[in-house]
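Here's the letter readout for the chains.
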Amino acid sequence: MSLFRANPNAMIKFLDLQAINHQYKAELEEACSRVINSGWYISGTEVGAFEQKFASYCGVKHCVGVANGLDALILIFRAYKELGQLHDGDEVLVPANTYIASILAISANNLVPVLIEPNEHSYNLDAGLLEQHLNPKTKAILAVHLYGQLADMPAIITFAKKHHLLVVEDAAQAHGASIGGKKAGNWGHAAGFSFYPGKNLGALGDAGAVTTNDAALATMVRSLGNYGSEVKYHNTFKGINSRLDELQAALLSVKLRHLDVEIERRRAIANAFLNGIKNPKIQLPYIEQQEQHVWHLFVIQVDNRATFQSYLTEKGIQTVIHYPIPPHKQKAYSELNKLSFPLTEKIHEQILSLPISPVLIDAEVQKIINIVNGY
Ligand SMILES: *Cc1c(COP(=O)(O)O)cnc(C)c1O
């Protein structure tokens, strides 16, 4: 890593993917060569091996590799429709402050997203707010583990059982987060993961997966993602092409080996921020328990965010907003534009993500703390 070890006087990048992957350069190159030399590039042994390893990492029975995180979520809902467990017009409860992909996966299946204000501290679904959105059309909950913190799954599952709802996890930001030893991807009936390069477990291109303990759902997702066929050229469903490449699977097997060490580094940086940032203008993230959060993002809130962000840029710290516009204010969802979610809208105006990549060195972490405190 020494070649790419950042100079603490240089600009601190929000996320230095080159440095992250450089740590495993030899292993990644070895994986690439293996695939190149195998002569087999789609749905082969690399995908099978990664699926097994990731299923075991999450503690679930089945993992199905797909092309990206959005497809993972789309295919889960589509599979429940093919299995007769969901129907056109059914309502899905989902946090209003999520990334657009969660909402797209619902609407792409002719299901109706019912947006719910998040818990203002955890940014995740507030189980106590679910009941008031229930009606006979409510059939599922899409719980998003936003920023890397597992949602309050024990409460969400209890509620879902009582009302016979499906629970789907959007685990795109939460690989490895757990409560009581039970990991993201193993709480709901099914979960969608993204391995987009910037995620905590990132491929070197697009990739995603579905995890579940339900064999019928796994089989259906696999079939729908492979043209709706289980036997080549025999098409049972009008499927799509959404498969995980052998190459990405081989690279992900390398990255998965190092995931827990990277999570520990993220936690150490988060703890340094939580203990070191003492500026009353900055609202720090709230965390229930260490294991529940894998710190995909370190999100603070601040009034006059634009001023604070410019200040950090001037001081050499790159930051990003996750996300500047909530789904119900997006042009693509004009039918939702008239809705009002004051808390969600306030969050979107005040949040800012500080750099928290596992390759930050201690001097950089300290520099961020000092600069934030100097504002
Ligand atoms: C990244 C992300 C997705 C989508 O994943 P892609 O692989 O980019 O399609 C879905 N939901 C959330 C919360 C995400 O952060």
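All figures in this text were calculated on a predicted structure; none of them were measured in a lab.

Rules used throughout
Residues numbered from 1 in each chain as written. Predicted model: local features only at pLDDT ≥ 70, side-chain atom pairs only at ≥ 80, totals over all residues. Heavy atoms only, no water. Near = heavy atom within 4 Å. Polar contact = N/O pair within 3.5 Å; in protein donor to acceptor, adjacent residues only side chain to side chain. Areas by Shrake-Rupley, 256 points an atom, 1.4 Å probe, with all protein chains shown as cover. 1 Å grid on protein atoms, 1.4 Å probe; cavity = no way out; pocket = protein on both sides within 12 Å on 5 of 7 lines; lining within 4 Å. Sits in = over half its atoms within 2 Å of the grid points. Nonpolar A, V, L, I, M, F, W, Y, C, P; charged D, E, K, R; others polar. Points joined across faces, edges and corners; volume = space filled by probe spheres on them. Axes fitted to C-alpha atoms, helices over the stretch in contact; angles between N-to-C directions. Helix = DSSP H or I, 4+ residues; strand = E, 2+ residues; numbered from the N terminus. Parallel < 35°, antiparallel > 145°, perpendicular 65-115°, else oblique. Left-handed = near helix turned anticlockwise from the far one by under 90°. Contact = heavy atoms within 4.5 Å.

**Student:** Please explain the site of the ligand as it appears in this structure.
**Tutor:** Every residue lining the ligand is accounted for by N68, G69, L70, Y99, A101, D170, A172, Q173, S194, K199 and Y323. A distance of 2.8 Å is found between an oxygen atom of the ligand and a backbone nitrogen or oxygen belonging to G69. In this structure, an oxygen atom belonging to the ligand sits 3.1 Å away from a side-chain N or O atom of K199. Coverage of the ligand by the protein amounts to 90% of the 380 Å² it exposes when considered alone. When atoms are counted within 2 Å of each cavity's grid points, the one that captures over half of the ligand is the largest pocket. The residue inventory of the shell around the ligand, partitioned by class, reads 5 nonpolar, 4 polar and 2 charged.

**Student:** Help me out: how do you make sense of empty space enclosed by the protein in this one?
**Tutor:** One water molecule sets the probe size; rolling that probe over the atoms shows where empty space is left. This model, assessed by the stated rule, comprises 2 cavities of 30 Å³ or more. Lining the largest cavity, in full, are H121, S122, Y123, L146, Y147, Q149, P285, Y286, H293, W295, L297 and V299. Within the lining of the largest cavity, the residues separate by chemical class into 8 nonpolar, 4 polar and no charged. Its boundaries defined by the atoms lining it, the second largest cavity holds a volume of some 50 Å³.

**Student:** Honestly, the packing of helix α8 (residues 246-276) against helix α11 (residues 362-373) in this entry has me stumped. Any pointers?
**Tutor:** Two quantities define a packed helix pair, namely the angle between the axes and the distance from one axis to the other. Two elements in contact, α8 and α11, have axes separated by 10 Å at closest approach and are oriented at 30°. In terms of orientation, α8 and α11 fall into the roughly parallel class. The way α8 lies across α11 gives a crossing that is right-handed. Contacts between α8 and α11 pair R265, I269, A272, F273 and G276 from the former with D362, V365, I368, I369 and N373 from the latter. The residue inventory of the contact of α8 with α11, partitioned by class, reads 6 nonpolar, 2 polar and 2 charged.

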